[in-house]
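Descriptive analysis of the structure
One-letter residues, chain by chain:
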Amino acid sequence: GRTLLTEEESKNVLSSYGIPTVRTEIAATPDEAARVADSIGYPVVLKLHSRTITHKSDVGGVRLDLQNAAQVLEAFAAIQKSVGEKMKNGFEGVTVQPMVRGGYEIILGSSPDAQLGPVILFGAGGKLVEIFKDHAIGLPPLNANLATRLMEETRIYQALKGVRGEKAADLS
């Protein structure tokens, strides 16, 4: 009955295909978020966990570079308050992740097209995904060659191959 996966569900799908993702733990309460952050190790990131809200930063649902449990508790409350003020519902807790520096954000998705059926999207992700519009769309099924060609249609692909001293991503 849903057409959208949560961040955790999406990462589970990617992981099942051997694609590495950032560790992501769901926390429904502030104390649980602090316990998870302690187990992950600081610094951490808190993000809104929701089955209905896709653009977390639009509703104040992201807090970066949290250094201790007190900051995690404060960030949880701030996210809950901000989301509550902007949306009637949608707050289901937060995800806790290690703070990752460097690297690139990409978007990978699939959705049905009325004329073509399912389509696959790949490109530059993150907060500016709609601004940069650096993406390519392909039709499944994709083998390794077709997936590589899809990726090669984007500008982010050049960065993933390594640029200005950055190590190349494991593209396979």
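Just above sits the structure.
**Observations regarding unusual backbone geometry**
For the bond running from Tyr 42 to Pro 43, omega is 0°, close enough to zero to count as cis. With respect to the element layout, Pro 43 can be found in the loop between helix 2 (30–40) and strand 2 (44–48). Pro 140 connects to Pro 141 through a cis peptide bond whose omega is 5°. Inspection of the secondary structure puts Pro 141 in the loop between strand 7 (135–138) and helix 5 (144–152). For Lys 133, which is not glycine, the phi dihedral falls at a positive 45°. Looking at the secondary structure, you find Lys 133 in the loop between helix 4 (129–132) and strand 7.

**What about a nonpolar patch on the surface?**
A cluster of nonpolar side chains, namely Leu 5, Val 13, Tyr 17, Ile 19 and Leu 108, defines an oily patch on the protein surface of about 510 Å² accessible area. Its location among the elements puts Leu 5 in the segment before helix 1 (7–16).

Rules behind the numbers
Every chain is numbered on its own, with residues counted from 1 as its sequence reads. Local features in a predicted model are, by the rule used here, given only for residues with pLDDT of at least 70; side-chain atom pairs are given and counted only at 80 or more, and totals for whole chains, interfaces and linings are based on all residues. In computing side-chain values, all of the structure's heavy atoms are included and hydrogens and water are not. Each helix corresponds to a stretch of at least 4 residues labelled H or I by DSSP, and each strand to a stretch of at least 2 residues labelled E; elements are numbered beginning at the N terminus. A patch is a set of surface residues, each over 30% in relative accessible area and not in a salt bridge, joined within 9 Å for like charges and within 5 Å for the nonpolar side chains Val, Leu, Ile, Met, Phe, Trp and Tyr. Values of accessible area rely on a 1.4 Å probe in the Shrake-Rupley scheme; residue burial ignores everything except the protein chains shown. When a carboxyl oxygen of Asp or Glu lies within 4 Å of a side-chain nitrogen of Lys or Arg, that pair is called a salt bridge.

This is a description of form; function is not addressed.
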